[in-house]
Amino acid sequence: MADKDDDINIDKDTGKKDSPLRRLLGTIWNTRYTSDVKEDQELLVQRTFRELVIYVLFLIFVCIIAFGMSSTNMYYYTKVMMDLFLEVKSPEGISFRTISSVDDFWKFAKGPLLNSLYWEKWYNNEPLPASTFGYIYYENKLLGVPRLRQLRVSTNSCTVNEEFETFITDCYAMYSKDDEDTSDFGRAAQEPNETAWKYQSQDTLKGFMYWGKIHLYSGGGYIKDLHINKETSNQIINQLIDKLWIQRGARAVFISFTVYNANINLFCVITLLVEFPATGGAIPSWTFHTVKLIRYVTTFDMFILGCEVVFVIFVLYYIIEEIMEISFTGYRYFLDFWNILDVVLLFVAIVCITFNVYRSLTIMSKLQELLSNPLQYAPFENIGFWEVRFNNAVAITVFIAWVKVFKYISFNKTMTQLSTTLSRCAKDLLGFFIMFFIVFLAFTQLGFLLFGTQVNDFSTFMNSFFTLFRIILGDFDFHQLEQANRILGPIFFMLFVFFVFFVLINMFLAIINDTYSEVKSDMAKQTDQFIMSDYIRQGYQRIWSKLGGKKDNKMEGYEKILSGELSGKAVHFEDWKKELKKSGYNEEEIEEVFAKYDIDGDRVLDPVEQAKMLEELQKITAMMDASKQKEGAHAFDEVNEEDSDEEKAGHPGGGGDNVGMDDFMALTRRVDRMETTLKGMINNIDAVLVNLVHKVQR
């Protein structure tokens, strides 16, 4: 709902109304930043509540889309595939997890790999029909054929020390893009058409960079595709073994393939990597990307599509809103943390929308290409990788969207305690973190240098860094440190626990606790302003009244107390609060009215103060009744009445010597709020002075 005095609707410099388009924008995108509401807390809450309602709808659609993209089937599908390809052992007891040499790799490839890829018999050894070949676990279709890809480094890619040149003639460095071998090797001359011996670039293979445990590998290399038939694939592997496909200089071998389960409409893009470091041996690693590449199949998927369309509309709505807010506030817009969060949220949302369109177009072309030639390799690694990144972006979007809710609910003392505490202690925390990380990084480097050659948790600088964080949380293995160095291990552990855990962590907690106590004490002395709950309650009362419910007249409640049993008697604040709470009034309203008429500040209403209060309440009641008769059935709420008054004052002929009832009521409410604030301050000062006098007298 647009208010009549919005900056969007009226040019205050010229006094002229804006164009119809600008008024339309002001009606739809009417926020706290596109109009001047700083001086009117009630109007500010109204605008914030309007934004909150719209944002809650946006959040609902975000959550529906996010949870509609995933299911528990993804976890079980991934687990089934991992158990099959990682845990199944060969007759020699070799599984993919336990590969430690080239010989182990070939034993795995000939046994567990082929047996897991090709299911050609039922469990009772009865052969499967030819139409069902290519299914793993009888349910998961193997798309295309699996591919083996090798990366090598060039001969003499490293330098041999002069003293060993007579003994060592060849040197193969650790893998790097600069040292990667791109020339033909092995039997390339005898088999010129064999791809296993010829290098192909990343662009040719349509591959992408892959991050292993040791290095980041390119998407090119020497490839060999297997067959859809188990026997033929076994022959291919035997040929590679006999012709020594993996030699010195081999640094990584990839096994890549994709399976699809039509029952749950999920793809599983699988990459098994065995790295052969320059130290010798083999290090296995793997990725299983379970993704939903074909999005819109079932009725529920169509519902998700509809939600995505609404999500796009919301994103466009918020883009226009942010542009308008930036145009109104300028660079000051970016000084607010919540505004920066809005921009980040919109950016991530746009990235998700763009990738969703790209994925839908790409997957269809890849499937059509695969169907035209089912014997070729299906390159789904790239799109599978980016689909996982897309899911991560959606998860970040949902997280930011939920955090942003705090932007709209921080309108009372309880909600602002956390933000105020963090803002007040920010400087102290900055100094603390500088000191903390100096000490922490010193221990990190010490642990890496002392134990990096023997303890896996300290084998790299990053491992050492995260291991020390785990020690802070109580997750550590003291015996590993002691075994690595019986003297320095225990000393390192005790020093770290003492300085970091007992000293620095407790300093951090002390800073937070002290600041929180100060904030809580300061806020206890403050009087709550008009808050969101007040606005919601007023709206409820108006709706209830229009539906024929009982009219909630606050003035009648006050008059009832002053004219009842407590009439003519001194009314203590506790009795006043007890009686009014029975009638449904909140503590803010009770405190506000009591403080206004408690002139001497003794927390007691004497008969004189009661008489004055009763007289004024009766006058206000009479004026409110007259105002309601004048307004009729189409009266606006109090905020719109105030805005209407201000608009009249801004137009020629709108003012005059006569003061209308609406003007008087608006002014009365504002004066009351000012008086209440001043009364609270005066009462606090009086209380402090009384305490000081008592202490001096003692």
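Fair warning: this is a prediction, and the values are worked out from it, not measured in the lab. For every chain, the first residue of its written sequence is number 1, and the numbers climb from 1 along that sequence. For a predicted model such as this one, the threshold for reporting local features is a pLDDT of at least 70, and the threshold for listing and counting side-chain atom pairs is 80 or more; totals across whole chains, interfaces and linings nevertheless cover every residue. Processing note: side-chain calculations cover all non-hydrogen atoms of the structure and skip hydrogens and water entirely.

## Quick look at the overall build of the protein
Here is step 1 of the chain: Per the secondary structure count, the protein includes 22 helices and 12 strands.
Here is step 2 of the chain: For the exposure calls, accessible area comes from a 1.4 Å probe over protein chains only, and a residue counts as buried if that area is under 20% of its type's maximum, exposed if over 50%, partly exposed in between. Expressed as a percentage of its 698 residues, the buried residues of the protein come to 42%.
Here is step 3 of the chain: What makes two residues a contact is simply this: any of their non-hydrogen atoms within 4.5 Å. Long-range contacts, defined here as pairs at least 24 residues apart, represent 66% of the contacts in the protein between residues at least 6 apart.
Here is step 4 of the chain: Here the protein displays about 39200 Å² of accessible surface, and carbon together with sulfur accounts for 61% of that area. Strands are runs of DSSP state E lasting at least 2 residues, helices are runs of H or I lasting at least 4, and numbering of each runs from the N terminus. Here the accessible surface of atoms and residues is derived via Shrake-Rupley with a 1.4 Å probe, and residues count as covered only by protein chains that are part of the display.

## Structural notes on the confidence of the model for the protein
Here is step 1 of the chain: This prediction gives the protein a mean pLDDT of 79; 70% of its residues lie at or above 70.
Here is step 2 of the chain: On a scale of 0 to 100, pLDDT captures the predictor's confidence in every residue. Contacts from residues 630–657, a stretch scored under 50 in pLDDT, to residues over four places away or in other chains number 39 contacts.

## Overview of the packing of helix α4 (residues 102–117) against helix α6 (residues 230–242)
Here is step 1 of the chain: Look at α4 against α6: their axes get within 10 Å of each other, and the N-to-C directions meet at 170°. Overall, the two elements α4 and α6 adopt an arrangement that is roughly antiparallel. The segment α4 lies against α6, with W106, A109, K110, L114 and N115 engaging K230, S233, N234, I237, N238, L240 and I241.
Here is step 2 of the chain: Classes in brief: Ala, Val, Leu, Ile, Met, Phe, Trp, Tyr, Cys and Pro nonpolar; Asp, Glu, Lys and Arg charged; the others, Gly included, polar. A breakdown of the residues in the contact of α4 with α6 according to their chemical character gives 6 nonpolar, 4 polar and 2 charged. Axis definition: a line fitted to C-alpha atoms, limited for helices to the stretch in contact. Angles are taken between N-to-C directions and run from 0 to 180 degrees. An angle below 35 degrees is read as roughly parallel, one above 145 as roughly antiparallel, one from 65 to 115 as roughly perpendicular, and any other as oblique.

## Some thoughts on a nonpolar patch on the surface
Here is step 1 of the chain: Taken together, M435, I487, L488, I491, M494, L495, F498, F499, F501, F502, V503 and M507 make up a surface patch of nonpolar side chains, about 1100 Å² in accessible area.
Here is step 2 of the chain: Take the nonpolar patch: its biggest share by element is 10 residues, from helix α15 (residues 488–524).
Here is step 3 of the chain: With respect to the helices and strands, the residue I487 is situated in the loop between α14 (478–484) and α15. Patches here are clusters of residues that have more than 30% relative accessible area and form no salt bridge, with a 9 Å joining cutoff for like charges and a 5 Å cutoff for nonpolar side chains (Val, Leu, Ile, Met, Phe, Trp, Tyr). One speaks of a salt bridge when a side-chain nitrogen belonging to Lys or Arg is within 4 Å of a carboxyl oxygen belonging to Asp or Glu.

## Notes on helix α12 (residues 426–451)
Here is step 1 of the chain: Given a helix with a known number of residues, its expected span is that number minus one, times 1.5 Å. Between its first and last C-alpha atoms α12 spans 36 Å; for 26 residues at 1.5 Å apiece the expected length is 38 Å, and the two agree.
Here is step 2 of the chain: Every buried residue belonging to α12 is among L429, F432, F436, F440, F443, T444, G447 and F451, and all of these are buried.

## Focus: the state of the cysteines
Here is step 1 of the chain: Disulfides are defined in this document as cysteine sulfur pairs within 2.5 Å. Evaluation of the coordinates by the stated rule reveals 1 disulfide.
Here is step 2 of the chain: One disulfide bridge connects C158 with C171, the sulfur atoms lying 1.4 Å from each other. Between C158 and C171, the disulfide has an S-S torsion of -110° and is therefore left-handed. Pair noted here: C158 is in the loop between β4 (140–152) and α5 (202–205) and C171 is in the loop between β4 and α5, with a separation of 13 residues, a long-range link.

## Some words on the packing of aromatic side chains
Here is step 1 of the chain: For Phe, Tyr and Trp, where Trp contributes only its six-membered ring, two rings pair if their centres lie within 6.5 Å, and the inter-plane angle classes them as stacked under 30 degrees, edge-to-face over 60, or tilted in between. Taken as a whole and assessed by the stated rule, the structure comprises 53 aromatic pairs.
Here is step 2 of the chain: Between the aromatic rings of F451 and F492, the centroid separation amounts to 5.5 Å while the plane-to-plane angle is 70°, which identifies the pairing as edge-to-face. Placement of the pair is F451 in helix α12 and F492 in helix α15, with a sequence separation of 41 residues. Of the two residues examined, F451 and F492, each falls in the buried class.
Here is step 3 of the chain: Ring geometry for F498 against F499: centres 5.2 Å apart, planes inclined by 80°, an arrangement best described as edge-to-face.
Here is step 4 of the chain: Under the relative-accessibility criterion, F499 is labelled partly exposed at 39%.
Here is step 5 of the chain: The ring centre of F254 lies 4.1 Å from the NZ or CZ of R149, which sits over that ring. Geometrically, a charge over a ring is one whose NZ (Lys) or CZ (Arg) sits within 6 Å of the ring centre while staying within 35 degrees of the ring normal.

## Here we look at unusual backbone geometry
Here is step 1 of the chain: In the Ramachandran plot, N125 falls in the positive-phi region, its phi being about 70° despite a non-glycine side chain.
Here is step 2 of the chain: In this structure, N125 sits in the loop between α4 and β3 (135–136).
Here is step 3 of the chain: Using a relative accessible area of 56% as the deciding quantity, one classes N125 as exposed.
Here is step 4 of the chain: A positive phi is found at N265, a non-glycine position, where the angle reads about 55°.
Here is step 5 of the chain: With respect to the secondary-structure elements, N265 resides in the loop between β8 (250–261) and β9 (266–275).

## Structural notes on the environment of T420
Here is step 1 of the chain: Its place among the elements puts T420 in helix α11 (residues 413–424).
Here is step 2 of the chain: Taking C-alpha positions, T420 is 8.4 Å from Y516, a pair spaced 96 residues apart along the chain.
Here is step 3 of the chain: Beyond its immediate chain neighbours, meaning those up to four positions away, T420 contacts V519 and M523.

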